[in-house]
Amino acid sequence: MLTKEHELLRETLRSFSEKELKPLAREIDETEGFHPEVFKKIGDLGLLGVTVSEAYGGGGMDVLAATLAMEEFGRVCASTALSYLAHSILCVNNIYANGTEEQKKKYLPPLCSGEKLGAMAMTEPGYGSDAMGMETKAVKEGKFYKLTGRKMFITNGTVAQTLVVYAKTGSDREVSSFIVEKDFPGFSVGKKLSKLGMRGSPTSELIFEDCKVPENNVLGKLHQGIPQMKKTLDIERITISGISVGIAQAALEDSISYAKDRKQFKTPIIEFQLVQKMLADMYTWLEAARRLTYHAAMVASSGKKATALASACKVYASEIATQASLHAIQILGGYGYCKDYNVERYLRDAKLMEIGAGTSEVQRMIIAKELAQTGLK
Ligand SMILES: Cc1cc2nc3c(=O)[nH]c(=O)nc-3n(C[C@H](O)[C@H](O)[C@H](O)COP(=O)(O)OP(=O)(O)OC[C@H]3O[C@@H](n4cnc5c(N)ncnc54)[C@H](O)[C@@H]3O)c2cc1C
């Protein structure tokens, strides 16, 4: 399934993650810290614009490569993987897929090098699953739009300099996206949220009070927010599934090594059949989630519609990541419940994967809608 280039990329990602991310993972979870210099290093690897053409400073790679990056980062530090996703896919890939030539030339090179960090703001305090109900409005005044409203749960909200923001620009179905720079007048960062997991990935509220956005910063064309969103959403859901696969992989690796070492009744616990069942289930889930996610990534890379597959891998990989983390805690027993080991962090991080980028309930609704409309193809 993976090409030689993908295998080489995985090797690079694995050694980078072990060297640069692993030592930080526990600290940023405990302190809700964030290390921007890590993103500069990911930029040096050419991965901050992983799907973006080299002409704009990107890596020129496919959706499977982006998924592998999420998986390998997610395996050691899901928080970093989530912030990386918000930057490289939700913001950067969005500008690349939907921006004008002028916008791509201006905004992509500093985002691809790590000079600037990105975010995407769609969710609002009152509108999550019902994102199109959004109340943020943009009204034209001369050569500017004035944005008014609030956005909620925005990954990288406190650290991003370049944000893709969705707002209504007319009737209820007329939505546009805007490139907002953090220094634009009327933009401010609201409360930083303290979370159960993904604590090393800053999440915040954003406030727009007559925020002055130049008319040239309408991403692509006016009123194209909904089709633009549809164009990139499959890629977002497939790549985020890579993080879930990475968490499930970490949970299984830690469980195997602990079960081999830990003795009870003078016997390594890996020899007990009830423990073996948990390990075997984790392996089966992981392999199934990984194959489904890679398959969806390959379909999306080929340019074919992958909506049902994207939701299927999102829902499956996220739910097995939570289940695998629970099994890992069970296998590590009392130690698994304590912060000296990593498995309790995997559980807290995995739970977000069932909520962010559309909840499991929403993914199942999308799959059912696709099946009803196009059947099994
Ligand atoms: C850590 C974190 C990071 C995030 N990052 C970003 C980001 O960078 N940018 C961004 O725009 N957003 C972001 N989000 C928002 C995320 O996408 C939303 O939280 C998610 O879409 C769910 O919306 P909600 O939280 O408002 O829940 P709600 O939509 O209020 O849902 C609550 C419950 O009701 C269920 N539900 C809702 N509608 C239906 C229905 N029709 N049928 C059945 N069940 C339903 C849901 O599945 C859920 O169980 C982030 C969220 C978190 C927690």
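Conventions we followed
Residues numbered from 1 in each chain as written. Predicted model: local features only at pLDDT ≥ 70, side-chain atom pairs only at ≥ 80, totals over all residues. Heavy atoms only, no water. Near = heavy atom within 4 Å. Polar contact = N/O pair within 3.5 Å; in protein donor to acceptor, adjacent residues only side chain to side chain. Areas by Shrake-Rupley, 256 points an atom, 1.4 Å probe, with all protein chains shown as cover. Helix = DSSP H or I, 4+ residues; strand = E, 2+ residues; numbered from the N terminus. Nonpolar A, V, L, I, M, F, W, Y, C, P; charged D, E, K, R; others polar. Phe/Tyr/Trp six-rings, centres within 6.5 Å; stacked < 30°, edge-to-face > 60°. Buried < 20%, exposed > 50% of the residue type's maximum accessible area, 1.4 Å probe, protein only. Lys NZ or Arg CZ within 6 Å of the ring centre and 35° of its normal. Contact = heavy atoms within 4.5 Å. Axes fitted to C-alpha atoms, helices over the stretch in contact; angles between N-to-C directions. Parallel < 35°, antiparallel > 145°, perpendicular 65-115°, else oblique. Left-handed = near helix turned anticlockwise from the far one by under 90°. Domains from an automatic or database assignment. Buried area = accessible area lost by both parts, 1.4 Å probe. Salt bridge = Lys/Arg side-chain N within 4 Å of Asp/Glu carboxyl O.

Quick notes on the site of the ligand
Move 1: Neighbouring the ligand are 18 residues; Thr 123, Ser 129, Thr 155, Thr 359 and Glu 361 lie closest to it.
Move 2: Taking Met 122, its main chain carries an N or O atom lying 2.8 Å from an oxygen atom of the ligand.
Move 3: Between the ligand and Ser 129 there is a distance of 2.6 Å, counted from an oxygen atom to a side-chain nitrogen or oxygen.
Move 4: Surface burial for the ligand is 65%, taken as the share of its 980 Å² of free accessible area covered by protein chains.
Move 5: Counting residues per element, the ones that place at least two in the shell around the ligand are strand E1 (118-121), strand E3 (144-155) and helix H10 (360-374).
Move 6: Looking at which element gives the most residues to the shell around the ligand, the answer is E3, with three residues.
Move 7: Residues of the shell around the ligand, tallied by class, amount to nine nonpolar, seven polar and two charged.

Structural notes on the packing of aromatic side chains
Move 1: Under the criterion given, the structure shown has nine aromatic pairs.
Move 2: Ring geometry for Phe 34 and Phe 39: centres 5.4 Å apart, planes at 25°, overall stacked.
Move 3: In this structure Phe 34 comes out as partly exposed when scored by relative accessible area, which is 22%.
Move 4: On the basis of an interplanar angle of 50° and a centroid distance of 5.4 Å, the ring pair of Phe 187 and Phe 208 is categorised as tilted. Remark: Phe 208 occurs in strand E7 (residues 203-214) and Phe 187 occurs in strand E6 (residues 187-192); sequence separation between them is 21 residues. The two residues Phe 187 and Phe 208 agree in class, both being buried.
Move 5: Chaining the aromatic ring pairs together yields one cluster made of Phe 16, Phe 73 and Tyr 84.
Move 6: The side chain of Lys 212 reaches across the aromatic face of Phe 144, ending 4.5 Å from its centre.

Comments concerning the side chain of Asn 93
Move 1: You can see Asn 93 is positioned in helix H4 (residues 78-98).
Move 2: Its relative accessible area of 5% is what places Asn 93 among the buried residues.
Move 3: In contact with Asn 93, other than residues within four places in its own chain, are Thr 51, Ser 88, Thr 232 and Ile 235.

As for the packing of helix H6 (residues 225-261) against helix H8 (residues 307-336)
Move 1: At a closest axis distance of 8 Å, the pairing of H6 and H8 adopts a crossing angle of 20°. The angle between H6 and H8 falls in the class roughly parallel. Crossing geometry of H6 relative to H8 is assigned as left-handed.
Move 2: In terms of residue class, the contact of H6 with H8 is built from 18 nonpolar, seven polar and four charged.

Some details on the domain arrangement of the protein
Move 1: Its domain assignment divides the protein into domain 1 (4-117), domain 2 (119-221) and domain 3 (226-374).
Move 2: In this structure, domain 1 and domain 3 have C-alpha centres spaced 21 Å apart.
Move 3: In this complex, domain 1 contributes 27 residues to the contact, which on the side of domain 3 involves 31 residues.
Move 4: Taken over both partners, the interface formed by domain 1 and domain 3 buries close to 2,400 Å², and the fraction arising from carbon and sulfur atoms is 60%.
Move 5: At the junction of domain 1 with domain 3, the criterion picks out three salt bridges.
Move 6: Measuring nitrogen to oxygen at the nearest pair gives 3.0 Å for the salt bridge that ties Arg 290 to Glu 71.
Move 7: Linking domain 1 with domain 3 are ten residue pairs in polar contact (both at pLDDT 80 or more), by the criterion used here.
Move 8: Contributions of two or more residues to the side of domain 1 that touches domain 3 are made by helix H1 (4-31), helix H3 (63-76) and H4.
Move 9: Class assignment for the residues of the side of domain 1 that touches domain 3 results in 15 nonpolar, five polar and seven charged.

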